[in-house]
Amino acid sequence: MQHTPSLNPAGFPIQLIPGTFSKSHSHPDQRPQAQHRDKEFVALMNAFRRSGGLARSAEVAARVGSLCSGASFPLSDWLVKRQVICVEWRETLWLPLFQFDASGLTLKAGLTAVLAELIGDRDDWSVASWFAHPNPLLVDCTPADSLATMAPAVLIAARWARKQGMA
């Protein structure tokens, strides 16, 4: 029997992160892990509220797609190339909106360089968490809140985090 990946409403493959709760893995031993992931998600929602919040991938794809003509699907390209971060929670991909320019949902200036420093072998949950937490190199502002106005400083903070193994 051939396995076909599950797709979210936007048509992107659902990638379950180890330790998340899903209908197919409802073993009682996994409930504490699911509760922990729920708490992480709520923390990200709260942290990203000031910088635009989180949106489902289907919503972002619809907004980006409405700005593009032809068969171009920039969001799927950005996801495949890891040029944006997204987190999977309850079988849905969520994107922090601080990554996008509000004028047209293009990638925010400086994001690509910062992500290049951070991604490496880290998962998007840990990268999203780094963007969500106050950073002493950014005068205790979050990188998500700082990217629009202080992209060079956010890049320096990302480099420091990578060298310290903290991202």
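For the structure itself, look to the data block above.
The paragraphs below set out a description of the structure included in this document. (Residues numbered from 1 in each chain as written. Predicted model: local features only at pLDDT ≥ 70, side-chain atom pairs only at ≥ 80, totals over all residues. Heavy atoms only, no water.)

With five of five residues buried, strand 3 (residues 92-96) is to be regarded as a mostly interior element. Residues Thr92, Trp94 and Pro96 line one face of strand 3 and the alternating positions Leu93 and Leu95 line the opposite face, and both faces are buried. With three bridges joining them, strand 1 (residues 54-56) and strand 3 adopt antiparallel strand pairing. Following the sheet pairing, Ala55 is matched in strand 3 by Leu95. (Buried < 20%, exposed > 50% of the residue type's maximum accessible area, 1.4 Å probe, protein only. Helix = DSSP H or I, 4+ residues; strand = E, 2+ residues; numbered from the N terminus. Pairing = 2+ DSSP bridges.)

Turning our attention to unusual backbone geometry. You will see that Arg82, though not glycine, has its phi angle at about 55°, which is positive. Position of Arg82 among the secondary structure elements: in the loop between helix 3 (74-80) and strand 2 (87-89). Non-glycine residue Glu91 carries a positive phi angle of around 65°. By the element assignment, Glu91 lies in the loop between strand 2 and strand 3.

Now for the packing of helix 1 (residues 31-48) against helix 5 (residues 124-132). Viewed as axis vectors pointing N to C, helix 1 and helix 5 meet at an angle of 40°, and their least axial separation amounts to 10 Å. Between helix 1 and helix 5, the angle falls in the class oblique. In this structure, helix 1 crosses over helix 5, and the sense of that crossing is left-handed. Across from Arg37, Glu40, Phe41, Leu44, Ala47 and Phe48 in helix 1, the residues of helix 5 making contact are Trp125, Ala128, Ser129, Phe131 and Ala132. When its residues are assigned to classes, the contact of helix 1 with helix 5 shows eight nonpolar, one polar and two charged. (Axes fitted to C-alpha atoms, helices over the stretch in contact; angles between N-to-C directions. Parallel < 35°, antiparallel > 145°, perpendicular 65-115°, else oblique. Left-handed = near helix turned anticlockwise from the far one by under 90°. Contact = heavy atoms within 4.5 Å. Nonpolar A, V, L, I, M, F, W, Y, C, P; charged D, E, K, R; others polar.)

Each α-helix turn comprises 3.6 residues. Residues three or four places apart therefore point the same way. A rise of 1.5 Å per residue sets the reference length of helix 7 (residues 151-164), with its 14 residues, at 20 Å; its end C-alpha atoms lie 20 Å apart and thus fit the reference within 8%. Every buried residue of helix 7 is accounted for by Ala151, Val154, Leu155, Ala157, Ala158 and Ala161. For helix 7, the buried positions fall inside an angular range of 160° around the axis, keeping them on one side. Opposite the packed face of helix 7, turned more than 90 degrees from it, sit the exposed residues Pro152, Ile156 and Lys163. Tucked into the core, helix 7 has its buried residues touching helix 4 (111-118), helix 5 and helix 6 (143-146). Of the residues flanking the end of helix 7, it is Gly165, one or two places downstream, whose phi is positive at about 70°. (Expected span 1.5 Å × (residues − 1). Arc of directions from axis to C-beta.)

Looking now at helix 5. Most of helix 5 sits inside the fold, with seven of its nine residues counted as buried. Turning to helix 5, its buried residues number three or more, namely Asp124, Trp125, Val127, Ala128, Trp130, Phe131 and Ala132. Of the surrounding elements, those touching the buried residues of helix 5 are helix 1, strand 2, helix 4, helix 6 and helix 7. The N-cap residue of helix 5 is Asp123: its side-chain oxygen and the backbone nitrogen of Trp125 are 3.2 Å apart. (Polar contact = N/O pair within 3.5 Å; in protein donor to acceptor, adjacent residues only side chain to side chain.)

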